[in-house]
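So the chains spell out like this:
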Amino acid sequence: QTARTLHRGEVGLTLGLGLLNFGVLPPGNGEGNPILTPQARLAAGIADGVELGLHTGFMVSPAGGQPGFLGVVGDLKLALLHDPSSLSLALGFGGGWSLPMAGWGVQGGIYLDSNLRILPLYFVYRPILPLTADEFTIWHQLAAGLHLRLSDTARLLLEVDSFNGIWGIALGLELGL
């Protein structure tokens, strides 16, 4: 979920693990309902600064139960600005079928990265339009995190996000293939 885009012919893979707490307290328990969400995104640079991606994942409760399929979402991300010494800005849009979209849906994205070595932060805003909702609605995801360079082809992502008031934390590994 960063503003970084691939160059023409490059391929990238991001592997991640999120932890969500829906904030629902079971009667008499006093604890939340944590959900683990292992995910992957495969992306290809179709032109310099233009990236086509495919994102999928699962969710499972550490308390037990069967894993659930999160869905598959395709997206296109366009770099608007990339200054390696200051910031990067990108726009994205896509769609597919996923549980976070309550079925079929479309989404947008605004991605802003600080490229400063001392403070490598990123911010994301994603409006999501669930197409199967009974009435017109737009859901919102806000995220912020650190993108830490591990090598020329690998970055570690540490993130906190809110999806319609549901808070989560995530860890990701972004790899250039």
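So, here's what we can say about the structure. Predicted model, so just to flag it, every value in this text is computed and none were measured.

## Here's the deal with the pairing of strand β1 (residues 11-21)
Bridge count for β1 against strand β2 (residues 34-47) is 11 bridges, and the pairing is antiparallel. In the strand pairing of β2, Leu19 is matched with Leu36. Sheet topology places β1 next to strand β10 (residues 166-176); 10 bridges connect them, and they run antiparallel. When the bridges of β10 are listed, Thr14 appears paired with Glu174.

## Some remarks on the packing of aromatic side chains
Enumeration according to the criterion identifies 2 aromatic pairs in this entry. A centroid spacing of 6.2 Å and a plane angle of 85° characterise the contact between Trp139 and Phe163, whose relative ring orientation is edge-to-face. One end of the pair, Trp139, is in strand β8 (residues 139-151); the other, Phe163, is in strand β9 (residues 154-163), and 24 residues separate them in sequence. On the accessibility criterion, Trp139 (22% relative accessible area) is partly exposed. Above the ring of Tyr111, the side-chain terminus of Lys77 is found at 5.1 Å from the ring centroid.

## Observations regarding the sheet that holds β8
The strand order around the closed barrel formed by 10 strands is β1-β2-β3-β4-β5-β6-β7-β8-β9-β10, and the pairing between neighbours is antiparallel. Across this sheet, the average inter-strand angle for adjacent strands is 20°, counted without regard to direction. Pairing analysis gives 10 bridges linking strand β3 (residues 50-59) to strand β4 (residues 68-82), with the strands arranged antiparallel. Bridging across to β4, Gly57 finds its partner in Gly71.

Rules used throughout
Residues numbered from 1 in each chain as written. Predicted model: local features only at pLDDT ≥ 70, side-chain atom pairs only at ≥ 80, totals over all residues. Heavy atoms only, no water. Pairing = 2+ DSSP bridges. Helix = DSSP H or I, 4+ residues; strand = E, 2+ residues; numbered from the N terminus. Phe/Tyr/Trp six-rings, centres within 6.5 Å; stacked < 30°, edge-to-face > 60°. Buried < 20%, exposed > 50% of the residue type's maximum accessible area, 1.4 Å probe, protein only. Lys NZ or Arg CZ within 6 Å of the ring centre and 35° of its normal. Axes fitted to C-alpha atoms, helices over the stretch in contact; angles between N-to-C directions.

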